[in-house]
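# Observations on chain architecture
Residue-level listing of the chains:
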Amino acid sequence: MKNKSCLYSIPFLILLYRFKVQESEAFAYPSSSSSSRRGVSSSNPISSKTVSSLLSSSFSPGNELKVKKTTNSENNNQHTSNNTRRKRNKPTFKRKGNYPNISEKQLYTQTNHLLDNCGENGLMTRDQIQQAQRLLLDWSKRPFAKSAGEMSERLLQKLVVEKECGNPHSKPSIDLFNACMNCWMKCDKMNGYRKALDLLKSLNVYVQTHKDIPAEKEHIAQCYGTMIDGCCRAKTRISADLALELLERMDSGRDIKYFHAVLNAYATLYDHKSVWKIFQRMKSMREKGEIDFGPNRTSYNIVIKSLSGSNEMDCVRRAEGILSEMERAYFHGDRLISPDKISYTTVLSAWSKISNKQAVEKAEMYLERMHKMASQGNIEVKPDCVTYNTILNVIANSKTIDSGERSLKILNRMEELYQLGDADVKPNLISYNAVIKAFSNNPYNDGARRALMMLKKLESDEHIQPDIISYNSCLKAFAQAGDPISAQLLLDRMESLYAGGYPVKPDTYSYNTVISAWAFSGHEHGAEIAETIFDRMETSEIRMDTTTFNTLLSAWGRQKDPERATDILHHMFAVKKSGKYDVTPTSQSFAIVINAWAKAKYPRKAFRAKQLLEEMKERSKYNEKLKPNVYIYASILNACAFSFGSSEIRSEALVIATEVYKECKYRNDVIYGTFIKACNSLMEHDDEQRAEMIEAAFVECREKGYVSNFVLQELFSSLSSQQYQRLLGCDAQDVLSTRDISKEWRRNITKI
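Residues numbered from 1 in each chain as written. Predicted model: local features only at pLDDT ≥ 70, side-chain atom pairs only at ≥ 80, totals over all residues. Heavy atoms only, no water.

With that settled, consider the overall build of the protein. A count of helical and extended segments in the protein gives 34 helices and zero strands. Within the span of the protein, comprising 752 residues, buried residues form 51% of the whole. Of all intrachain contacts in the protein linking residues separated by at least 6 positions in sequence, the fraction that spans at least 24 positions is 69%. If you sum the accessible surface of the protein, you get close to 36,700 Å²; carbon and sulfur atoms cover 50% of it. (Helix = DSSP H or I, 4+ residues; strand = E, 2+ residues; numbered from the N terminus. Buried < 20%, exposed > 50% of the residue type's maximum accessible area, 1.4 Å probe, protein only. Contact = heavy atoms within 4.5 Å. Areas by Shrake-Rupley, 256 points an atom, 1.4 Å probe, with all protein chains shown as cover.)

If you want it as structure tokens, here you go:
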């Protein structure tokens, strides 16, 4: 089973793919006619074919997607040529040092041999000391070796001990300390800085003790710089704070690269407040003459980056303000902090997290501004494919009615510019997937069919082939549009293509989306069809997750078949026990089944719901996530409130409701209102205890500040006018709302 506990969001998949595609050239295509790559033209509307006809025509057996089948030898040749191309573009790592031709294992053996055969402390020969220094420096040339930190520190400690014992040949320099620190930093990025910090403390003691050791400020600064770089690479809050403290302690050798490293460390953590303080500190130190440099373009870009990680409008506005400051500097001739395309793209990335029409307008405005500045000679702001893809992502995330059409215009503009010779804006698969996403986010505005048309266009392209993100986006569009038939046709198409050699295989998200489409379709046989897809997953050994089971549980719950839902819940535990898939039943799984019982036309549904509660409590002894919560108790009370049948069954339901109400320690308005409803529906109106129980529940609800409209409505339906007016302290003839009562009574209600 997959470790994913919920359906993947399309923005997450696109960002994940962005990371992967930037590391590969597999999706780049050479120059060809625009007709083979051009998306669906916004000026030429699609014909009025239905989606089902499009699917049946393009996915028919006689119209299969043409997939080039290669032999094993061809695959090997292609793989070899790709590796050769990567080796030409990426410089090979050339070992340096005294032992460049020996392996890490041999170096490890030589180090241990030297340390085991150097005699007692203080008796190392000149040759042995020189060999130890050479070995230590050679380890520093292999900083990514797992044992580099440990072995280099053992050599350094031995040299220091020789110095302490009076060996005149041993004079460990600061450079050796720095080399050892560098080894620790790079061989263990997460915790190496702790070891290096211990070495830095030892270095301070060592320099103060041995005055004959040259301790130039430049060498000390290099050690601090090594520590700062290593701490920043750890990407934790503690390491970032330590890097900042070390930067403040540096007496000399402060370089702007160290400031940028610390700024980046906090920006990676999206701690824009700390980034802003350091940024202002740089300005202050420059004005006081403590440093001979101030913030430059990179500094400003890092500040914008830290703000772009937040989805708060205030952070987006501040990022825009910094960009405006950079623009003013450009127009005043200050090229040091003038913006580049990274500046604009980062601000656009910030707007992509704001899903509204204003974000789209801002993105289009910045695009035109970048083109205008580039035409005036500022080539540094010329948009590239990454810029355009970010704008497409802004449009797709906006979910506006015309987001599909707008993204299509941007894509067509990219293709036109590429045809005119601008290779920097050549659309890639991310570009096309963003357009598909834009259409799929508006499925009711013919978006699902338009997304499918874009997918077909990709399938017919000779150079760019759709991936799993492309297909899953279309599946999501059909599911949201309430068209499970088209979603299943597309899933069938994916399975047949994969069986025929196409490299895109339906994943867990694909199947979960189609199961969800049938589960919430309202079709009379939706649950049965959803279970057939579930069975296909088991037969094909597609990794199922918790979402797969919960969605199927919802399907049977909506079809009001709690017996089948209960069986699937127990099958879920059986699968978990078998260990075949990493399925983790949660309280939500139980809540779905209990709700199914509450809505079912079954006389003893309160009893069955209580059985599930007892099972939850038993299983929670071994799994804290299965501990009953307020929603579980509310569902059982709801099952009690809607129980029907003989007086014995109603009495049983009342007893269960009372027990569950007392057992629930954290009560909210839903608990109080549902319990009042249960008392009203299960007890006779002439029963004296009925009014007492309802009144006691309301008084407690009022004291705890949970009186909501739901509680007031149930109270009005359960009591006489005199009782209702007495409890509320007014002469109300009709049901009141929360606006008519004291704020103290509703202080804990979040929404009114």
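Okay, back to it.
This next bit is on a positive patch on the surface. On the surface, Arg 558, Lys 560, Lys 599 and Lys 601 cluster together into a patch of positive charge. Its place among the elements puts Lys 601 in the loop between helix H27 (587-599) and helix H28 (605-619). (Patch = residues over 30% accessible without salt bridge, like charges linked within 9 Å, V, L, I, M, F, W, Y side chains within 5 Å. Salt bridge = Lys/Arg side-chain N within 4 Å of Asp/Glu carboxyl O. Lys, Arg positive; Asp, Glu negative; His and termini not counted. Charge placed at Lys NZ, Arg CZ, Asp CG, Glu CD.)

With that settled, the discussion passes to a negative patch on the surface. Among the surface-exposed residues, Glu 684, Asp 686, Asp 687, Glu 688 and Glu 692 lie close enough to one another that they form a single negatively charged patch. Within the secondary structure layout, Asp 687 lies in the loop between helix H31 (669-682) and helix H32 (688-703).

This next bit is on the nonpolar core. If you look at the biggest cluster of nonpolar residues, it comprises 210 residues, and the most contacted ones within it are Met 227, Ile 228 and Ile 636. Element by element, the count of residues in this core is highest for helix H7 (residues 174-187), at ten residues. Those residues in contact with Ile 636, other than ones at most four positions away along the chain, are Ile 594, Ala 609, Leu 613, Ile 656 and Val 660. (Core = buried A, V, L, I, M, F, W, Y, C linked by side-chain atoms within 4.5 Å.)

Before going further, it helps to examine the packing of aromatic side chains. Under the defined criterion, the tally for this structure stands at 13 aromatic pairs. Seen from their ring centres, Tyr 661 and Phe 675 are 4.0 Å apart, and the 10° between their planes marks the pair as stacked. Placement of the pair is Tyr 661 in helix H30 (residues 647-663) and Phe 675 in helix H31, with a sequence separation of 14 residues. According to the relative accessible area criterion, Phe 675 is buried, its value standing at 4%. Seen in terms of ring centroids, Phe 698 and Trp 745 are 6.3 Å apart; in terms of plane orientation they differ by 85°. Their pairing is edge-to-face. Within this pair, whereas Phe 698 is found in helix H32, its partner Trp 745 is found in the segment after helix H34 (721-728), the two being separated by 47 residues in sequence. When its relative accessible area of 0% is taken as the criterion, Phe 698 is described as buried. Grouped by ring-pair contacts, the aromatic residues Trp 276, Phe 279 and Tyr 300 constitute a single cluster. Lying across the ring of Phe 573, Arg 619 places its NZ or CZ 3.6 Å from the centre. (Phe/Tyr/Trp six-rings, centres within 6.5 Å; stacked < 30°, edge-to-face > 60°. Lys NZ or Arg CZ within 6 Å of the ring centre and 35° of its normal.)

What follows is about the environment of Lys 362. Tracing the backbone shows Lys 362 in helix H16 (residues 357-375). Spatially, the C-alpha atoms of Lys 362 and Val 347 are 9.8 Å apart, while their sequence positions differ by 15 residues. Those residues in contact with Lys 362, other than ones at most four positions away along the chain, are Arg 317, Glu 320 and Trp 351.

We now examine the confidence of the model for the protein. Of the residues in the protein, 85% reach a pLDDT of 70 or more, and the chain-wide mean stands at 83. Summarising per-element confidence for the protein, the mean pLDDT is lowest in helix H1 (residues 10-21) (36) and highest in helix H23 (residues 508-519) (95). Confidence over residues 1-96 falls short of pLDDT 50; this stretch has 154 contacts with residues more than four positions distant or in other chains. (pLDDT = per-residue confidence, 0-100.)

A word on unusual backbone geometry. The phi dihedral of Lys 235 is positive, around 60°, even though this residue is not glycine. Its place among the elements puts Lys 235 in the loop between helix H9 (217-234) and helix H10 (237-249). On the basis of relative accessible area, Lys 235 is assigned to the exposed category, the value being 54%. The phi torsion at Lys 399 lies on the positive side, around 55°, for a residue other than glycine. Along the chain, the position of Lys 399 falls in the loop between helix H17 (385-398) and helix H18 (403-419).

Attention shifts here to the pattern of salt bridges. Side chains that differ in charge, positive against negative, can pair when their charged atoms come close. The full count for this structure, using the stated rule, is 37 salt bridges. Two residues, Arg 413 and Glu 368, come together in a salt bridge whose shortest N-O distance is 2.6 Å. Placement of the pair is Arg 413 in helix H18 and Glu 368 in helix H16, with a sequence separation of 45 residues. Overall, Glu 368 belongs to the partly exposed group, its relative accessible area being 44%. Across the pair Glu 663 and Lys 617 runs a salt bridge, and its minimum N-O distance is 3.2 Å. You can see Glu 663 sitting in helix H30 and its partner Lys 617 sitting in helix H28, a full 46 residues away along the chain. Accessibility expressed as a relative area gives 25% for Glu 663, which makes it partly exposed.

So, about the packing of helix H24 (residues 526-540) against helix H25 (residues 546-558). Relative orientation of the contacting elements H24 and H25 amounts to 160°, with a least axis distance of 9 Å. If you check the angle between H24 and H25, you find them roughly antiparallel. H25 is crossed by H24, and the crossing has left-handed handedness. The residues of H25 that touch H24, namely those facing Ala 527, Glu 528, Ala 530, Glu 531, Phe 534 and Met 537, are Thr 548, Phe 549, Leu 552, Ala 555 and Trp 556. Taken together, the residues of the contact of H24 with H25 sort by class into eight nonpolar, one polar and two charged. (Axes fitted to C-alpha atoms, helices over the stretch in contact; angles between N-to-C directions. Parallel < 35°, antiparallel > 145°, perpendicular 65-115°, else oblique. Left-handed = near helix turned anticlockwise from the far one by under 90°. Nonpolar A, V, L, I, M, F, W, Y, C, P; charged D, E, K, R; others polar.)

Let us now look at the packing of helix H21 (residues 468-480) against helix H22 (residues 484-499). Geometry of a packed helix pair, given as the angle between the helix axes and the separation of the axes. At a minimum axis distance of 8 Å, the contact between H21 and H22 shows a crossing angle of 160°. As far as their axial angle goes, H22 and H21 are roughly antiparallel. The handedness of the crossing between H21 and H22 comes out as left-handed. Here Ile 468, Tyr 471, Asn 472, Cys 474, Leu 475 and Phe 478 of H21 lie close against H22, whose contacting residues are Ser 486, Ala 487, Leu 490, Leu 491, Met 494 and Leu 497.

Here we take up the environment of Met 683. Topologically, Met 683 is positioned in the loop between H31 and H32. Owing to a relative accessible area of 5%, Met 683 belongs among the buried residues under this scheme. The contact partners of Met 683, leaving out residues within four places of it in the chain, are Leu 654, Gln 689, Arg 690 and Met 693.

This part is about helix H20 (residues 447-460). For H20, spanning 14 residues, the distance from its first C-alpha to its last is 20 Å, which sits close to the expected 20 Å at 1.5 Å a residue. Along H20, eleven of the 14 residues are buried, which leaves the element largely enclosed by surrounding structure. Residues of H20 that are buried include every one of Gly 447, Ala 448, Arg 449, Arg 450, Ala 451, Leu 452, Met 453, Met 454, Leu 455, Leu 458 and Glu 459, and no others. (Expected span 1.5 Å × (residues − 1).)

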